[in-house]
Amino acid sequence: MATFPFAGVLKSLWVTLRTAVRKPVTVQYPTVRVPYAPRMRGFPALIWDDAVGEHFCTGCQVCARYCPTNAIFVTMKNNPLNQTGQSPRRKIVNQFYLDYGRCIQCKICVDVCNFDAIEMSHETEFSEWDKRALIFDVRDLLHMEALANPRTKQVVTRR
Amino acid sequence: MDLLVTLAVLTLQIVLLFNVVMFIVLALVWLERKVLGRVHQRMGPMRVGPHGTLQSLADGIKLLLKEDLAPSSAERFAFLLAPLLVFAPSFLVFVAIPFTRDIVVRNLALGLVYFVAVSSLSTVGMVLAGWSSSNKYALIGAARTAAQLISYEIPLVLVVLSVAMLGGTLDLRGLVESQGQAGPYVLWQPLGALIFIMAALAEVFRPPFDIPVAESEVLGGPMIEYSGMRWGLFFMAEYGNAFAFSALFVLLFLGGWQGPLLPPILWFLLKTSAVILVFFWMRAAMPRLRIDQLMGFAWEVLLPFAFLNLFLTGVVQLYRWPLWSLSLLSLTGLLALGYVVERGRVTWRRSPSLAS
Amino acid sequence: MLIKREFETVEMPINVGPQHPSTHGVLRLVMTLDGEQIVKVDPVIGYLHRAVEKLSENLRYQNIPHLFDRLDYVSAFNNEWPLAMAQERLLGLEVPPRGEYLRVILCELNRIASHFLFFGAFGHDAGTATSWMYGFRERERIQRLFEMVSGYRMMHDFVVPGGVREDVPEEFVPALRALLPVLWQGLGDCNNLLTENEVLVTRTRDIGVITGEEAISYGLSGPSLRASGVREDLRLTEPYSVYPDLDFDVVLGQHGDSYDRYWVRMQEVAQSLRIVEQALDRLPGGLVCTPGLPKYPKLLKLPVGETYARAENPRGEFGVYLISTGGDRPYRLKIRAPSFCNLMALPRLMEGHYLADAIMILGSLDVVMGEVDR
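Treat the numbers as computed from the prediction; the structure is a model and nothing was measured.

Calculation rules
Counting restarts for each chain, with residues numbered from 1 along the sequence as it is written. Whichever chain is written first becomes A and whichever ligand is written first becomes 1, with later ones labelled in order. Thresholds applied to this predicted model are a pLDDT of at least 70 for local features of residues and 80 or more for the giving and counting of side-chain atom pairs; totals over whole chains, interfaces and linings are not thresholded and use all residues. Only DSSP runs of H or I with at least four residues qualify as helices, and only runs of E with at least two residues qualify as strands; both kinds are numbered from the N terminus onward. This radius of gyration counts C-alpha atoms alone. The globule rule is 2.2 Å times how many residues there are, raised to the power 0.38. As a rule, residues whose C-beta atom has 12 or fewer other C-beta atoms within 10 Å are exposed, those with 20 or more are buried, and those in between are partly exposed; C-beta atoms are placed from the backbone. The contact criterion used is a C-beta to C-beta distance within 7 Å, with each C-beta placed from the backbone. Two strands are counted as paired when DSSP detects at least two bridges linking them. Throughout, an axis means a line fitted to C-alpha atoms (over the contacting stretch in the case of helices), and angles, computed between N-to-C directions, take values from 0 to 180 degrees. Each residue receives one of three labels: charged for Asp, Glu, Lys and Arg, nonpolar for Ala, Val, Leu, Ile, Met, Phe, Trp, Tyr, Cys and Pro, and polar for the others, Gly being one of them. Linking buried Ala, Val, Leu, Ile, Met, Phe, Trp, Tyr and Cys residues through C-beta atoms within 7 Å yields a set, and such a set is a nonpolar core. Any angle from 65 to 115 degrees is called roughly perpendicular, while one under 35 is roughly parallel, one over 145 is roughly antiparallel, and all others are oblique. By definition, turning the near helix anticlockwise from the far helix through less than a right angle yields a left-handed crossing, and turning it clockwise yields a right-handed one. To estimate how far a helix should extend, the number of its residues minus one is multiplied by 1.5 Å. Every residue is assigned a pLDDT by the predictor, reflecting its confidence on a scale from 0 to 100.

A look at the overall build of chain C
At step 1: Of regular secondary structure, chain C possesses 15 helices and 8 strands.
At step 2: Over its C-alpha trace chain C gives a radius of gyration of 22 Å, about what one expects of a compact globule, namely 21 Å for 374 residues.
At step 3: With the principal axes as the frame, chain C shows a C-alpha extent of 95 × 45 × 35 Å.
At step 4: A burial count over chain C gives 54% of its 374 residues as buried.
At step 5: The contacts in chain C between residues at least 6 apart in sequence include a share of 71% that link residues at least 24 apart.

A short note on the overall build of chain A
At step 1: When helices and strands are tallied, chain A shows 5 helices and 7 strands.
At step 2: Relative to its 159 residues, chain A shows a buried fraction of 31%.
At step 3: In chain A, once contacts between residues fewer than 6 apart in sequence are set aside, the share between residues at least 24 apart is 66%.

Some words on the sheet that holds strand E7 (residues 316–324) of chain C
All names here are of chain C.
At step 1: Pairing in this open sheet of 3 strands is antiparallel, and the strands run E6-E7-E8 from one edge to the other. With partners counted over all chains shown, the strands left at the sheet margins are strand E6 (305–313) and strand E8 (332–336), one partner each. The average undirected angle you get between the axes of adjacent strands in this sheet is 10°.
At step 2: For E6 and E7, the ladder comprises 9 bridges, and the chain directions are antiparallel. Each bridged residue has a counterpart across the sheet, and for Tyr308 the counterpart in E7 is Tyr321.

Regarding the interface of chain A and chain B
At step 1: Chain A puts 13 residues into the contact, and the matching count from chain B is 14 residues.
At step 2: Looking at the side of chain A that touches chain B residue by residue, the class counts come to 7 nonpolar, 5 polar and 1 charged.

A short note on the nonpolar core
At step 1: Formed by 218 residues in total, the largest nonpolar core has its most connected members in Ile195, Phe196, Ala199, Phe243, Phe249 and Leu252 of chain B.
At step 2: Tallying contributions element by element places helix H10 (residues 228–254) of chain B first for this core, with 18 residues.
At step 3: Grouped together as the second largest cluster of nonpolar side chains are 27 residues, Leu46, Ala71, Leu98 and Phe136 of chain A included.

A few points about the sheet that holds strand E1 (residues 12–16) of chain C
Residue and element names in this part refer to chain C.
At step 1: Read from one edge of the open sheet, 3 strands run E1-E2-E3, paired in antiparallel fashion. Each having just a single partner strand, E1 and strand E3 (37–44) make up the two edges of the open sheet. Averaged over all neighbouring strand pairs, the angle between strand axes comes to 20°, with direction disregarded.
At step 2: Sheet topology note: the E1/strand E2 (residues 28–34) ladder contains 5 bridges and is antiparallel. Considered in E2, the bridge of Pro13 is made with Thr32.

Quick word on the packing of helix H11 (residues 258–282) of chain C against helix H14 (residues 355–365) of chain C
Residues and elements named next belong to chain C.
At step 1: Where H11 contacts H14, the two axes come as close as 9 Å, and the packing angle between them is 30°. On the basis of their axis angle, the class for H11 and H14 is roughly parallel. For the pair H11 and H14, the sense of crossing is left-handed. Between H11 and H14, the residues in contact are Ser258, Arg261 and Tyr262 and Met360, Ile361 and Ser364, respectively.
At step 2: The residue makeup of the contact of H11 with H14, split by class, is 3 nonpolar, 2 polar and 1 charged.

Remarks on helix H1 (residues 7–20) of chain A
At step 1: Its 14 residues give H1 of chain A an end-to-end C-alpha distance of 20 Å, which sits within 8% of 20 Å, the value for a rise of 1.5 Å per residue.
At step 2: Along H1 of chain A, the positions that sit buried rather than exposed are Gly8, Val9, Lys11, Ser12, Leu13, Val15, Thr16 and Thr19 of chain A.
At step 3: For H1 of chain A, the secondary structure elements touched by its buried residues are helix H1 (2–39) and helix H11 (264–285) of chain B together with helix H5 (129–150), helix H6 (172–195) and helix H7 (198–204) of chain C.

Quick look at unusual backbone geometry
At step 1: For the bond from Pro207 of chain B to Pro208 of chain B, the omega torsion is 5°, close enough to zero to count as cis.
At step 2: Along the chain, Pro208 of chain B turns up in the loop between helix H9 (190–203) and H10.
At step 3: Phi angles above zero are rare outside glycine, and Gln41 of chain B is one such case at about 60°.
At step 4: Looking at the secondary structure, you find Gln41 of chain B in the loop between H1 and helix H2 (55–65).
At step 5: With 20 C-beta atoms packed within 10 Å, Gln41 of chain B lands in the buried category.
At step 6: Even without being glycine, Arg374 of chain C reaches a positive phi, approximately 50°.
At step 7: Looking at the secondary structure, you find Arg374 of chain C in the segment after helix H15 (369–373).

Overview of helix H4 (residues 97–126) of chain C
Residues and elements named next belong to chain C.
At step 1: Here H4 contains 30 residues, and its C-alpha end-to-end distance of 43 Å stays within 8% of the 44 Å for a straight helix at 1.5 Å per residue.
At step 2: Burial analysis of H4 places 28 of its 30 residues in the buried class, which makes it a mostly covered element.
At step 3: In the segment just after H4, Gly127 is the residue with positive phi, at about 135°.

Thoughts on the environment of Pro284 of chain C
Residue and element names in this part refer to chain C.
At step 1: Mapped onto the fold, Pro284 is located in the loop between H11 and E6.
At step 2: As for Pro284 and Pro97, which are separated by 187 residues in sequence, their C-alpha atoms are 6.8 Å apart.
At step 3: Dropping the residues within four chain positions of it, Pro284 is found in contact with Pro97, Arg98 and Tyr101.

Describing the confidence of the model for chain C
All names here are of chain C.
At step 1: Averaged over all residues, the pLDDT of chain C equals 87, while 97% of them reach at least 70.
At step 2: Within chain C, E1 has the poorest average pLDDT of any element, 81, and E8 the best, 92.
At step 3: Quick note on the complex model: pTM equals 0.89, ipTM equals 0.84.

Some thoughts on the pairing of E2 of chain C
At step 1: Side-chain alternation along E2 of chain C places Leu29, Met31 and Leu33 of chain C on a buried face and Arg28, Val30, Thr32 and Asp34 of chain C on a face that remains uncovered.
At step 2: Once E2 of chain C ends, the chain turns through 2 residues before running back antiparallel as E3 of chain C, passing Gly35 of chain C with a positive phi of about 75°.

A closer look at the environment of Thr130 of chain C
At step 1: Along the polypeptide, Thr130 of chain C turns up in helix H5.
At step 2: Residues Thr130 of chain C and Leu193 of chain C lie 63 residues apart in sequence; the distance between their C-alpha atoms is 8.6 Å.
At step 3: Apart from the residues within four sequence positions on either side, Thr130 of chain C is in contact with Thr16 of chain A, Val39, His40, Ala284 and Ala285 of chain B together with Leu193 of chain C.

Points about the packing of H4 of chain C against H11 of chain C
All names here are of chain C.
At step 1: It is at 9 Å that the axes of H4 and H11 come closest, and there the two elements cross at 155°. Overall, the two elements H4 and H11 adopt an arrangement that is roughly antiparallel. Both H4 and H11 take part in a crossing whose hand is left-handed. Here Tyr101, Val104, Ile105, Glu108, Leu109, Arg111, Ile112, His115, Phe118, Phe119 and Phe122 of H4 lie close against H11, whose contacting residues are Tyr262, Arg265, Met266, Glu268, Val269, Ser272, Leu273, Ile275, Val276, Ala279, Leu280 and Arg282.

A look at the pairing of E8 of chain C
Residue and element names in this part refer to chain C.
At step 1: Alternating positions in E8 separate cleanly, Leu333 and Ile335 being buried on one face and Arg332, Lys334 and Arg336 remaining unburied on the opposite face.
At step 2: Bridge count for E7 against E8 is 5 bridges, and the pairing is antiparallel. The residue bridging Ile323 from the neighbouring strand is Arg332, located in E8.

Structural data, given as structure tokens:
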């Protein structure tokens with residue numbers, strides 16, 4: 001294995017020297033960021049239907065039922081825009097609370113949603129001092145930077 | 001009146017020296033983190049100050065602000081005394097080190113002996129720290145520390161003696177000046193230089209010889225129970241020692257401050273930095289030796305070869321052979337050392353089998 | 001005046017506590033030391049117990065992979081595969097070839113990533129922080145690829161009964177092809193750093209020796225078993241998926257000591273890289289999952305039956321014993337975790353050695369406490 005005395009040690013010294021002259025692999029977060037892959041799972045965000053002017057979400061509670069950590073609380077109400085004929089949705093979301101402290105970003109809510117109303121955004125930076133501040137309501141969820149939704153071609157700006 | 005003036009001047013010199021050495025120690029802490037970072041293909045400290053230069057200062061302030069803890073069952077007086085006993089010697093040695101021909105606090109006629117003697121005082125401090133902490137890990141670490149320091153003291157002293165024989169004096173400034181005529185001693189005593197480097201690494205507790213202070217690979221040996229600035233004292237003592245031993249290597253083997261073109265102080269700092277970089281490089285690349293392997297290395301390899309080095313130097317001096325013959329003999333000794341280590345690897349590993 | 005006294009030596013009980021310096025997780029070793037030598041060692045586990053098996057009895061089959069990812073959190077794809085295999089056996093499913101090849105590619109990549117982490121932790125225990133950085137540098141590159149595929153760097157939830165959840169994006173195959181030479185070079189760097197280093201060899205040669213028969217009787221599996229010379233690799237002895245079509249060697253050690261356990265894993269990285277290259281070349285087109293399976297939110301109901309499915313994890317044989325009484329939740333899901341069984345050999349390996357060797361032995365076994373405690 002070793003050809004001459006201290007050969008292995010010399011190899012270690014050589015490889016460390018050679019690595020020292022390479023460009024560092026460090027990315028100095030947060031001044032520099034690594035671009036995320038498109039499929040990267042951040043926290044969920046709700047999608048806004050621009051054509052009609054309301055959420056895609058109808059409050060059907062399927063996501064809440066299948067969430068493994070019970071992080072979602074949804075209620076629905078009658079859609080006023082439906083009565084005026086502007087929207088095909090009879091019901092619309094009333095309250096939507098998603099606890100980011102419980103969410104494990106498993107994407108099940110996105111998979112089960114019948115209306116494709118929820119997507120995984122690329123947002124991950126949500127440090128708060130109080131864990132109750134991590135419960136986001138429907139207005140905040142909307143303002144997340146959503147994945148570019150191919151149907152609406154919309155990327156909502158960050159809050 | 002004369003006495004007062006002398007005392008004042010001396011105090012000023014000592015204060016200046018202390019500041020300079022502290023500054024160098026802090027710079028070394030930063031340098032090590034940067035160099036290690038680059039070897040790991042990462043950047044090291046970058047945020048605090050431009051390229052992290054103020055990082056050591058920030059760490060020092062943090063340590064000062066920490067709570068001063070001591071275990072309730074610790075021996076209070078010994079616990080508080082130990083860091084000072086470790087810190088003081090590593091700065092005391094600088095009194096006798098000549099940075100250049102003129103920049104020295106007090107060039108003692110027995111400078112070499114003073115250096116070796118004072119630097120081994122830190123052993124007492126480490127053992128005291130380990131014993132008084134009333135922590136089993138600290139005790140194990142302290143026992144290992146004492147064993148290692150004592151074992152590596154002897155080859156170190158023998159090599160230093162060989163250099164003194166070549167130079168004909170124990171005075172550090174005189175040794176450097178004799179290298180001015182003869183050339184740097186590393187050329188004539190490569191074996192001695194290698195043994196000195198290894199013994200110095202062990203004296204300073206740097207990898208690959210740092211197992212007493214990396215007990216179970218992090219717990220820190222005698223320093224476990226110390227927090228805040230008391231731990232900071234240990235830490236600074238380690239880097240102070242590293243700088244002291246590299247400075248000694250430069251003085252004994254590399255020709256001190258001598259060199260063409262550049263001012264002497266710059267030569268001294270450059271050479272010391274080169275040696276320190278080698279220390280950092282060893283840390284990056286080498287795993288640590290187990291304590292019995294470490295001791296086996298000292299007693300079975302370094303000690304006989306240190307004796308051989310002394311003997312060869314003595315023979316060459318006695319029969320007035322030319323110096324290049326010493327260099328040849330020394331190189332042969334070096335090859336023999338390599339051979340012994342390679343062969344000996346099979347036998348002095350000595351790990352107990354289940355049957356025993 | 002000289003005081004003569006009989007020196008009595010006592011054996012010192014010491015706690016290599018749950019807050020472990022090395023990153024094997026929370027493992028407590030209650031050791032009795034005689035000076036430096038270990039007389040007795042008792043591993044105490046359970047600090048990371050999260051009741052995965054019991055929780056799975058209340059979860060629908062589509063939710064269980066989330067828990068399984070977190071068992072051996074270092075190699076998540078390899079945990080999901082036996083679970084999917086068990087369900088496929090009960091359902092009688094046939095996985096399409098593209099699905100099988102994707103599973104093989106992702107799991108072998110995860111094996112490479114896991115062994116790089118082992119290299120990092122092992123070298124770090126030995127003393128070099130450098131090896132930690134080298135191992136994780138390579139692991140990061142692989143994890144970025146995983147993010148491209150499943151959305152997550154570690155907890156993927158991607159292998160489902162019938163295949164994989166969705167097809168890999170287009171940029172995956174070119175990115176993986178570009179990554180493979182970089183991984184070969186990274187492996188070369190890691191080998192240059194430690195594999196022949198005399199200090200490491202001195203630290204680990206003849207430490208924690210276990211013979212082949214003893215290893216089998218203790219229930220060791222995976223690289224720890226192969227280091228003792230036992231030719232046992234589930235990919236070859238009980239081939240599953242498309243492994244029979246792929247050409248790779250089983251790496252065997254000779255001495256059964258810590259160095260061999262380290263060396264076997266480094267060689268396995270090279271073999272896994274070969275497997276990934278071959279699988280990439282042969283990657284067929286087509287479906288990635290058996291069609292017709294109920295998609296969420298329709299529930300997956302398994303017929304009545306029980307089965308044991310096992311696969312070759314980076315740590316050994318990972319088995320899932322599934323009992324189903326019909327319905328959408330399992331009746332009993334038992335996990336045979338390789339680290340748990342490997343850890344049982346720890347007292348036998350450690351006794352008689354020095355304290356510093358104990359750390360190297362533990363590092364060479366490569367246990368992940370998430371698996372041990374479940």
